[in-house]
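Now for the letters of each chain:
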Amino acid sequence: MAVRQVASIHFKNFIAKNWSPNDPDDSPKVLESDKAMVRENILGFIVQVPPLLRAQLGESIKTIIHSDYPEQWPSLLHWVTHNLELQNQIFGALYVLRVLARKYEFKSEEERIPLYHIVEETFPRLLSIFSKLVQIVNAPIEVADLIKLICKIFWSSIYLEIPKQLFDPNIFNSWMVLFINLLERPVPVEGQPIDPEMRKSWGWWKVKKWTIHILNRLYTRFGDLKLQKPESKAFAQMFQKTYAGKILACHMQLLNAIRTGDYLPDRVINLVLQYLTNSVTKNSMYQMMQPQIDILLFEIIFPLMCFNDNDQKLWDEDPHEYVRKGYDIIEDLYSPRTAAMDFVSELVRKRGKNNLQKFIHFIVDIFRRYDEVPADLKPYRQKDGALLAIGTLCDKLKQTDPYKSELERMLVQHVFPEFSSRVGHLRAKAAWVAGQYAHINFSDPNNFRQAMHCIVSGMRDPDLPVRVDSVFALRSFVEACKDLDEIRPILPQLLDEFFKLMNEVENEDLVFTLETIVDKFGEEMAPYALGLCQNLAAAFWRCMASSEADDEADDSGALAAVGCLRAISTILESISSLPHLFIQIEPTLLPIMRRMLTSDGQDVYEEVLEIVSYMTFFSPTISLDMWSLWPLMMEALNDWAIDFFENILVPLDNYISRGTDHFLACKDPDYQQSLWNALQSIMMDEHMEDSDIEPAPKLIEVLFQNCKGNVDQWLEHYLRITIERLRRTEKPYLKCLLVQVIANALYYNPVLTLETLNKLGVAGDIFNHWFAMLQVVKKSGARVNFKREHDKKVCCLGLTSLIGLPADKIPAEALDRIFKATLELLVAYKDQVAENKKQNEEAEDDMDGFDADEEDDEEVDSDKDMGLDDEDGDEVSSLQLQKLAAEARGFQPADDDDDSDDDFSDDEELQSPIDEVDPFIFFVETVQGLQASDPARFQNLMQTLDFRYQALASGIAQHAEERKVEIEKEKLEKANAQ
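A quick note: this is a predicted structure, and the numbers were derived from the prediction, not measured. (Residues numbered from 1 in each chain as written. Predicted model: local features only at pLDDT ≥ 70, side-chain atom pairs only at ≥ 80, totals over all residues. Heavy atoms only, no water.)

Engineer: Help me out: how do you make sense of the overall build of the protein in this one?
Structural biologist: Secondary structure summary: the protein contains 48 helices and zero strands in total. In terms of principal-axis extent, the alpha carbons of the protein reach across some 110 × 80 × 55 Å. Put simply, the protein has 978 residues, and 51% of those count as buried. Considering only contacts in the protein between residues 6 or more positions apart, those separated by 24 or more positions represent 76%. A total accessible area of about 47,100 Å² is found for the protein, and carbon and sulfur atoms account for 50% of it. In the protein, 101 positive and 160 negative side-chain charges are present, and the distance between their average locations comes to 5 Å. (Helix = DSSP H or I, 4+ residues; strand = E, 2+ residues; numbered from the N terminus. Buried < 20%, exposed > 50% of the residue type's maximum accessible area, 1.4 Å probe, protein only. Contact = heavy atoms within 4.5 Å. Areas by Shrake-Rupley, 256 points an atom, 1.4 Å probe, with all protein chains shown as cover. Lys, Arg positive; Asp, Glu negative; His and termini not counted. Charge placed at Lys NZ, Arg CZ, Asp CG, Glu CD.)

Engineer: When you look at helix 42 (residues 789-803) in this model, what are you seeing that I'm missing?
Structural biologist: Note on helix geometry: an α-helix contains 3.6 residues per turn, so any two residues three or four positions apart are oriented the same way. Given a rise of 1.5 Å per residue, 15 residues ought to cover 21 Å, and the 21 Å separating the end C-alpha atoms of helix 42 matches this to within 8%. With respect to burial, helix 42 is a largely interior element, 15 of its 15 residues being buried. (Expected span 1.5 Å × (residues − 1).)

Engineer: Just checking my understanding: could you explain the side chain of serine 912 for this structure?
Structural biologist: When you line up the elements, serine 912 lands in the loop between helix 45 (878-887) and helix 46 (919-933). Excluding residues within four positions of it along the chain, serine 912 makes contact with Gln705 and His790.

Engineer: Where do I start with a negative patch on the surface in this structure?
Structural biologist: On the surface, Asp831, Glu835, Glu841, Glu842 and Glu844 cluster together into a negatively charged patch. In this fold, glutamate 842 is placed in helix 43 (residues 812-848). (Patch = residues over 30% accessible without salt bridge, like charges linked within 9 Å, V, L, I, M, F, W, Y side chains within 5 Å. Salt bridge = Lys/Arg side-chain N within 4 Å of Asp/Glu carboxyl O.)

Engineer: Looking at this structure, how should I read the packing of aromatic side chains?
Structural biologist: Two descriptors summarise a pair of aromatic rings, namely the distance from one centre to the other and the angle between the planes of the rings. Throughout the structure, instances matching the rule amount to 54 aromatic pairs. Ring plane angle 65° and centroid distance 4.9 Å describe the contact between phenylalanine 154 and phenylalanine 179, whose orientation is recorded as edge-to-face. Linking phenylalanine 154 in helix 7 (residues 141-158) with phenylalanine 179 in helix 8 (residues 169-184), this pair joins segments that are 25 residues apart in sequence. One aromatic cluster is present, built from ring pairs that chain together Phe123, Phe130, Phe154, Trp175 and Phe179. Across from the ring centre of tyrosine 949, 5.0 Å away, lies the NZ or CZ of arginine 948, which sits over that ring. (Phe/Tyr/Trp six-rings, centres within 6.5 Å; stacked < 30°, edge-to-face > 60°. Lys NZ or Arg CZ within 6 Å of the ring centre and 35° of its normal.)

Engineer: Could you clarify how one ought to interpret the state of the cysteines in this entry?
Structural biologist: Defined simply, a disulfide is a covalent bond joining two cysteines at their sulfur atoms. On inspection of all chains with the given rule, the structure shows zero disulfides. Between cysteine 394, a cysteine without a disulfide, and cysteine 481, which holds the nearest cysteine sulfur, the sulfur-to-sulfur distance is 18 Å. By relative accessible area, cysteine 394 is classed as buried at 3%. Cysteine cysteine 796 shares no disulfide, and the gap to the nearest cysteine sulfur, in cysteine 795, comes to 7.1 Å. By relative accessible area, cysteine 796 is classed as buried at 0%. (Disulfide = S-S within 2.5 Å.)

Engineer: Can you walk me through a nonpolar patch on the surface in this structure?
Structural biologist: A surface patch of nonpolar side chains, about 420 Å² in accessible area, is lined by Ile329, Ile330, Leu333 and Tyr334. By secondary structure assignment, the location of leucine 333 is in helix 17 (residues 329-334).

Engineer: How should the pattern of salt bridges be read in this particular structure?
Structural biologist: Pairs can form between side chains of opposite charge once their charged atoms are near each other. Evaluation of the coordinates by the stated rule reveals 41 salt bridges. Between glutamate 321 and arginine 324 there is a salt bridge, and its shortest N-O distance comes to 2.8 Å. Of this pair, glutamate 321 and arginine 324 both sit in helix 16 (residues 319-326), three residues apart, roughly one helical turn. With its nearest N and O atoms 3.3 Å apart, the salt bridge here joins glutamate 824 to arginine 948. One end of the pair, glutamate 824, is in helix 43; the other, arginine 948, is in helix 48 (residues 947-977), and 124 residues separate them in sequence. For arginine 948, a relative accessible area of 45% gives the class partly exposed. Taken together, the shared-partner salt bridges connect Asp365, Arg368, Arg369 and Glu372 into one network.

Engineer: Hey, could you run me through the confidence of the model for the protein in this one?
Structural biologist: Where the model shows low pLDDT, its predicted coordinates should not be examined in detail. Looking at the protein as a whole, the pLDDT averages 89, with 92% of positions reaching at least 70. Long-range and interchain partners of residues 850-890, a stretch whose pLDDT sits below 50, account for 42 contacts in this model, where long-range means more than four residues apart. Here residues 893-908 is modelled with pLDDT under 50, and outside its nearest four sequence neighbours on either side it reaches 36 contacts, counting other chains as well. (pLDDT = per-residue confidence, 0-100.)

Engineer: Honestly, the environment of isoleucine 648 in this entry has me stumped. Any pointers?
Structural biologist: With respect to the helices and strands, isoleucine 648 occurs in helix 34 (residues 645-658). For isoleucine 648, a relative accessible area of 0% gives the class buried.

Engineer: Would you explain the packing of helix 8 against helix 10 (residues 203-222) in this entry?
Structural biologist: The packing of two helices is summarised by the inter-axis angle and the distance between the axes. Orientation of helix 8 relative to helix 10, taken along the N-to-C sense of each, is 130°, at an axis distance of 9 Å. When the interaxial angle is binned, helix 8 and helix 10 end up oblique. In the crossing of helix 8 with helix 10, the sense of the turn from one axis to the other is left-handed. Where helix 8 abuts helix 10, its residues Phe172, Met176, Phe179, Leu182, Leu183 and Glu184 lie against Val207, Lys208, Thr211, Ile212, Ile214, Leu215 and Leu218. (Axes fitted to C-alpha atoms, helices over the stretch in contact; angles between N-to-C directions. Parallel < 35°, antiparallel > 145°, perpendicular 65-115°, else oblique. Left-handed = near helix turned anticlockwise from the far one by under 90°.)

Engineer: How do you make sense of the packing of helix 36 (residues 671-683) against helix 38 (residues 712-728) when you look at a structure like this?
Structural biologist: For the pair helix 36 and helix 38, the least separation of the axes is 10 Å and the interaxial angle reads 15°. With respect to helix 38, the element helix 36 is oriented roughly parallel. Crossing of helix 36 over helix 38 shows left-handed handedness. Within the contact between the two elements, helix 36 uses Gln672, Gln673, Leu675, Trp676, Leu679, Gln680, Ile682 and Met683 and helix 38 uses Gln713, Trp714, His717, Tyr718, Ile721, Thr722, Arg725 and Arg728. Tallied by class, the residues present in the contact of helix 36 with helix 38 amount to eight nonpolar, six polar and two charged. (Nonpolar A, V, L, I, M, F, W, Y, C, P; charged D, E, K, R; others polar.)

Engineer: Where do I start with helix 22 (residues 407-415) in this structure?
Structural biologist: By the burial criterion, the buried members of helix 22 are Leu407, Glu408, Met410, Leu411, His414 and Val415. For helix 22, the angular spread of the buried residues around the axis is 165°, confining them to a single face. (Arc of directions from axis to C-beta.)

Engineer: So what exactly am I meant to see when it comes to the environment of phenylalanine 235 here?
Structural biologist: Summarising the element assignment, phenylalanine 235 is placed in helix 11 (residues 233-260). The buried category is assigned to phenylalanine 235, whose relative accessible area is 7%. Separated by 214 residues in the primary sequence, phenylalanine 235 and proline 21 have C-alpha atoms spaced 43 Å apart. Once residues within four sequence positions are removed from consideration, phenylalanine 235 is found in contact with Ile162, Phe167, Phe172 and Phe222.

Engineer: Where do I start with unusual backbone geometry in this structure?
Structural biologist: With the exception of glycine, most residues fall at negative phi, and the peptide bonds are largely trans. The amide bond that connects tyrosine 69 to the next residue, proline 70, takes the cis arrangement and shows omega of 0°. By secondary structure assignment, the location of proline 70 is in the loop between helix 3 (51-68) and helix 4 (76-84). Positive phi outside glycine occurs at asparagine 138, with the angle close to 50°. By the secondary structure assignment, asparagine 138 is in the loop between helix 6 (113-135) and helix 7.

Engineer: Looking at this model, I keep getting lost on the side chain of threonine 729. Mind explaining?
Structural biologist: With respect to the helices and strands, the residue threonine 729 is situated in the loop between helix 38 and helix 39 (732-748). Overall, the relative accessible area of 0% leaves threonine 729 in the buried class. At 2.6 Å, the side chain of threonine 729 and the backbone oxygen of arginine 725 are in polar contact. (Polar contact = N/O pair within 3.5 Å; in protein donor to acceptor, adjacent residues only side chain to side chain.)

Engineer: Hey, could you run me through the environment of glutamine 740 in this one?
Structural biologist: The topology assignment puts glutamine 740 in helix 39. Residues glutamine 740 and leucine 719, spaced 21 residues apart in sequence, show a C-alpha to C-alpha distance of 11 Å. In this structure glutamine 740 touches Glu701, Phe786, Arg788, His790, Asp791, Val794 and Cys795, once residues within four positions along its chain are discounted.

Written as structure tokens, this is what we have:
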């Protein structure tokens, strides 16, 4: 058997790796004749092999079905229908049908078409088999396995849409009668395993779970009138009227097991409570629940919220696992306690009128009884549940009279004393509840201070869960703290305790708490910055090692590793005005950057690039060690990291703009050559989407702006690939960026650029295309292209650079056209700068008076908010598009339908050398230079201008003078501030 098991694993792995190549261009690794042989023989083995091997075989069948059905395996469905008729082959047929249906579980409507054919061919026979199995009296466990498979097939088939065959009321009812039968029927007592882990996986409990799963799905997705399309409303009404109440009654009956102390698996409790929670808002369902609501709340829901034997066992035997489960959102999906908390929250939110008061009275009564009895008789577990309830209802209680005025007193009387409880889980719960209420207005600052000091003490608690809950509570108190003097004296001790805890627990929430502290204190963290980064780097390596060793899907180590890197970025941002610290921190972070900028770091690549960006931007200079990272980023960009191109752009910009001399001088490695290799490869790749290459022209801009006069040898190369890409570009934003490369080249060296464009034979086409793009406006008058301030400024500088060229370079007609286009663009730029300044000032005023409204807990009908208003006629006229196309021969017309504002995300905050260049002054000085060097040419130009353009020119000249005064004033203020 051991040999067979190894063989089955090897077979599964071979099929997974080689059956269907990832890249369609790769040559197939398995011959078609071999594939046919496998397809012909593999299905028969399902019923022959033992369960241990069947799991591996099933994975192989899944791989083949996902790759080959229906095109390469059309006979598969016939095999299934044929074997469903054979008594001794039903298990194998159901097993394969389950795999087949699951292929389409999450598919969109058009991709589900093969599923509807499968349902049509198999469901009549499936229903017949299901009916016979349900009717077997004292059925053996093998029957449970068959029913479970049928349930799973049904689940996958209805997960997103109900197949039309099931809309027949008689057919649907036949299925529902069987599901409700299974729901009502008690699980057989005989044969149940004693071991809890085995018991919850026992066949009949699995059947119960899948039955509830299906009925919940039908109820929440297809039985809710509010969620349905008009054509499905009739089905939803029928479901509500015929089945929803029956299911609720069965669920309430099931939950009685909790009152009587009988067994009910956690997942079953969770699913049943989900159904009840979804029923709270529906009047007819709530009316059914109402007579039993007290029993439900106080004898079922509340006991689920209390600390129990399983919790105590885990707390004592594996505190790390206790912590993991407590903060794992996946665990929450299966947890009865979480489902109980959700039910209480929904009940008091939607039906709070009577329920909130009686539930709070119940909780207060527990507090009272707890306080009245001696220590050895105190109901510690009930107190734990009561504290959990108080924490769960925090948002509701903070908004509701008379409770909101009593919260501080409640904390002081019933929560704070538990910080020193003899019982560990109450100390932990006290910390958690205190964290929930940290943001209330404490009338007595001493109470806030006392709570925070208790929480810091909790970080030294002997029990790990108390220490972890204390850290999370601390985060809330740091956020709520109005006077940092409350924390300053204990900050060193607090950080010390924090890092001891990080050595014990891998949890991304711990790191978020640290980020909160760093955010709050900002530059004050400077004395601790190096130590923080060293501790976080050590924690990062531990998390990575844990992640690599842990193949589980739920990988807390990987999440914690990402958190460590984000926290490092937060620290670097907080000390951005202290460049000397970056020199000290660099050796700690270099090993992380070196390793994680390779393919090893794909899961954390974005976070590592952010650290590289900070290190290259804020350090006094870029060290040779930091320069050694350039080849790693280039290698990744050329190989696998194109999706991160926008992130890679930032550090590359820093290298070129802040390390210009080294970038230009170094030949080993040759940074200029490696930049060209990468950009040429990306921009000339015909398979590359327009949106993927947007950072490429931005990088060319960085090169031309920062290396003015030093990269003449590259100018023609970059212009060639820019023009070539422009010919086949469709997205408006990329067209703008590519034209801006030409504008930057003109600003870099207008004579050389113009010569190159003429040499390439494209000068006329390029300028026609550019001017046509500048003329396209919406009906509102807003420009379609070059939307950002930066885009307009680059175009202004490029066009202005042409104005100063002699007559043999720029003919009079071309000069006239350039001059007028530049004037109009400068006016548009001036207006946009003024508008943005006004909006920023208004936004600051709004923030000053900002008062966050409390979220309304009542249901809001937001259907009207779901419609999208049409733009009010802001489309480009077809005449303009035709003109653009006609004038720009050989270039793709701009596709305005693709003109999404997302493409034009404003990155005005990025710094560049042209920030210091005022386009108005540059324009006026260039025109003055023309007037001085060629008065006749200047005079001819002025005479061609009509009154409108003369007025524009006069206005620009006046604005340039105003800008000179403003710039001098800014310089003076800056000098005085230093």
